[in-house]
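Listed here are the chains, written in short residue letters.
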Amino acid sequence: MNWAVQFIGTPQFQRLKEIKQLGATYFVFPGASHNRFEHSLGTAHLAYTFAKTLMQQGAEGTENDLKCVTLAALCHDLGLDKKWKHENGSVTMLGHLIEELRESESVSFNLETEDEKFIEALILGESVGFDRPKYLFDIVNNKNNSVGVDKFDYISRDFDRIVTNLNVDRAINYMIADALVKANPYLKIKEAIDKPKEYDLEDSKNIIKRIRRRDLYKFVAECLISKDHKKFVTKWLELNYGRGDKNPVEKVTFYDKNNRNETFKIAREDIGYLVPEQFEEIVLRIFVRESNEEQIQLIKDSFENRQKVRKHHIASFEAEFNDM
């Protein structure tokens, strides 16, 4: 699999070593320091194994299809950046990666333009216009039910850490973002390297020091809101199973191990009584930047009073909060 090694050796892919898989969660779980580089390798391994197994059992596909699916899984997180939609950013970065490989004099690289477009489509989960087996487009980015090798790699390892420390993780993420925003006017990289003493990053340094001292932004309160009031909220969190407010299992097809030629779907009533009635909830969360207990209590009281008296008027509360 020399073609995979060529991709892994590029700066675009090596960059993933600097991006932690769980973001700031490692401040809570010291063991959660693994990165997107490791996750991408794991996802590629699963994609290769999954596709190859299906082909060995009679599914349509070629060795070249197997190569493209593996590379798509390998590169699905290349564009992990807030300014891009995830998959679109990965396609953009993939283009730079392939261009660099083609221009390299030290690497013998050969990838047809048609295969490059196919890999991009696999990352995006878009099968329209391609005369390739349709199941291949569900392996990396399954637009049908969201179940794919990406989730297979990280859910069993990371899910408990994501759920149990969401508030602390988000607080630290907000602080890191604020530190970067405050540093932004000064981030002229060349000048900063040549004359570092001319750039005062004291505010940003202090925020980072607060993180290390565990002097974090204080979580004030949260509430569940209905979809009817989503338009009144500027910052909110959606928690679901990957298909919005829909049950992902409704789109999953199962095989009987005793008869692999037939498929079936499991009805809701056959699953059990623990299946939730709703598959998505929307949460409003509020953090404050300063460790001012008087201000924190004031916001808490205001929030709780608004919840009791006018719990559906989120916009009114938001206006009051912004004026403080």
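Bear in mind that the values here come from a model prediction, so they are computed numbers and not experimental data.

## Some remarks on the side chain of Arg 243
Then step 1. Inspection of the secondary structure puts Arg 243 in the loop between strand 2 (237-240) and strand 3 (254-256).
Then step 2. This buried residue, Arg 243, is left without a salt bridge; Glu 250 holds the nearest opposite charge, at 4.4 Å.
Then step 3. Leave out the neighbours within four places in its chain, and Arg 243 touches Asn 144, Asn 145, Ser 146, Pro 248, Glu 250 and Lys 251.

## Thoughts on the packing of helix 4 (residues 63-74) against helix 6 (residues 113-124)
Then step 1. Between helix 4 and helix 6, the shortest axis-to-axis distance is 9 Å and the interhelical angle comes to 50°. Regarding the angle of helix 4 to helix 6, the classification is oblique. For the crossing formed where helix 4 meets helix 6, the hand is right-handed. Along the contact surface, helix 4 presents Asn 64, Asp 65, Cys 68, Val 69, Leu 71 and Ala 72, while helix 6 presents Asp 115, Phe 118, Ile 119, Leu 122 and Ile 123.
Then step 2. Residues of the contact of helix 4 with helix 6, tallied by class, amount to eight nonpolar, one polar and two charged.

## Quick word on helix 4
Then step 1. Taking 1.5 Å as the rise per residue, helix 4 with twelve residues should run 16 Å; its terminal C-alpha atoms sit 17 Å apart, in good agreement.
Then step 2. Among the twelve residues that make up helix 4, ten are buried, leaving the element largely enclosed by the rest of the structure.
Then step 3. Those residues of helix 4 that fall on the buried side of the exposure criterion are Asp 65, Leu 66, Lys 67, Cys 68, Val 69, Thr 70, Leu 71, Ala 72, Ala 73 and Leu 74.
Then step 4. Residues of helix 4 that are buried sit in contact with helix 1 (2-8), helix 2 (11-14), helix 3 (36-56) and helix 6.

## Some details on the nonpolar core
Nonpolar side chains in soluble globular proteins tend to end up buried together.
Then step 1. Formed by 37 residues in total, the largest nonpolar core has its most connected members in Phe 7, Leu 78, Leu 94, Ile 119, Leu 122 and Ile 139.
Then step 2. Sorting the residues of this core by element identifies helix 3, helix 4, helix 5 (86-103) and helix 6 as the ones contributing at least two each.
Then step 3. The element best represented in this core is helix 4, accounting for seven residues.
Then step 4. Setting aside anything within four residues of it in sequence, one finds Ile 119 in contact with Cys 68, Leu 71, Ala 72, Leu 94 and Leu 111.
Then step 5. Counting residues in hydrophobic clusters, the runner-up holds ten residues, among them Ile 172, Ala 179, Ile 207 and Ile 211.

## A closer look at the pattern of salt bridges
Then step 1. Per the counting criterion, the structure on display carries six salt bridges.
Then step 2. Arg 132 is the partner of Asp 115 in a salt bridge, and the nearest nitrogen-oxygen pair spans 3.0 Å. With Asp 115 in helix 6 and Arg 132 in the loop between helix 6 and helix 7 (149-164), this residue pair connects regions lying 17 residues apart in the sequence. Pair check on accessibility: Asp 115 and Arg 132 agree, each one buried.
Then step 3. A single salt-bridge network, built from bridges that share partners, covers Asp 65, Glu 114, Asp 115 and Arg 132.

## Section: the environment of Ala 32
Then step 1. Within the secondary structure layout, Ala 32 lies in the loop between helix 2 and helix 3.
Then step 2. With relative accessibility at 0%, the residue Ala 32 sits in the buried group.
Then step 3. In this structure the C-alpha to C-alpha distance between Ala 32 and Asp 158, which are 126 residues apart in sequence, comes to 8.2 Å.

## Side note on the packing of aromatic side chains
Then step 1. Tallied over the entire structure, the rule returns seven aromatic pairs.
Then step 2. Between the aromatic rings of Tyr 26 and Phe 27, the centroid separation amounts to 4.5 Å while the plane-to-plane angle is 35°, which identifies the pairing as tilted.
Then step 3. Phe 27 sits in the partly exposed class, given a relative accessible area of 24%.
Then step 4. The residue whose ring lies beneath Lys 17 is Phe 37, and the NZ or CZ to ring-centre distance is 4.8 Å.
Then step 5. Seen from the ring of Phe 118, Arg 132 lies directly overhead, with NZ or CZ sitting 4.1 Å from the centre.

The rules behind each value
Residues numbered from 1 in each chain as written. Predicted model: local features only at pLDDT ≥ 70, side-chain atom pairs only at ≥ 80, totals over all residues. Heavy atoms only, no water. Helix = DSSP H or I, 4+ residues; strand = E, 2+ residues; numbered from the N terminus. Buried < 20%, exposed > 50% of the residue type's maximum accessible area, 1.4 Å probe, protein only. Lys, Arg positive; Asp, Glu negative; His and termini not counted. Salt bridge = Lys/Arg side-chain N within 4 Å of Asp/Glu carboxyl O. Contact = heavy atoms within 4.5 Å. Axes fitted to C-alpha atoms, helices over the stretch in contact; angles between N-to-C directions. Parallel < 35°, antiparallel > 145°, perpendicular 65-115°, else oblique. Left-handed = near helix turned anticlockwise from the far one by under 90°. Nonpolar A, V, L, I, M, F, W, Y, C, P; charged D, E, K, R; others polar. Expected span 1.5 Å × (residues − 1). Core = buried A, V, L, I, M, F, W, Y, C linked by side-chain atoms within 4.5 Å. Phe/Tyr/Trp six-rings, centres within 6.5 Å; stacked < 30°, edge-to-face > 60°. Lys NZ or Arg CZ within 6 Å of the ring centre and 35° of its normal.

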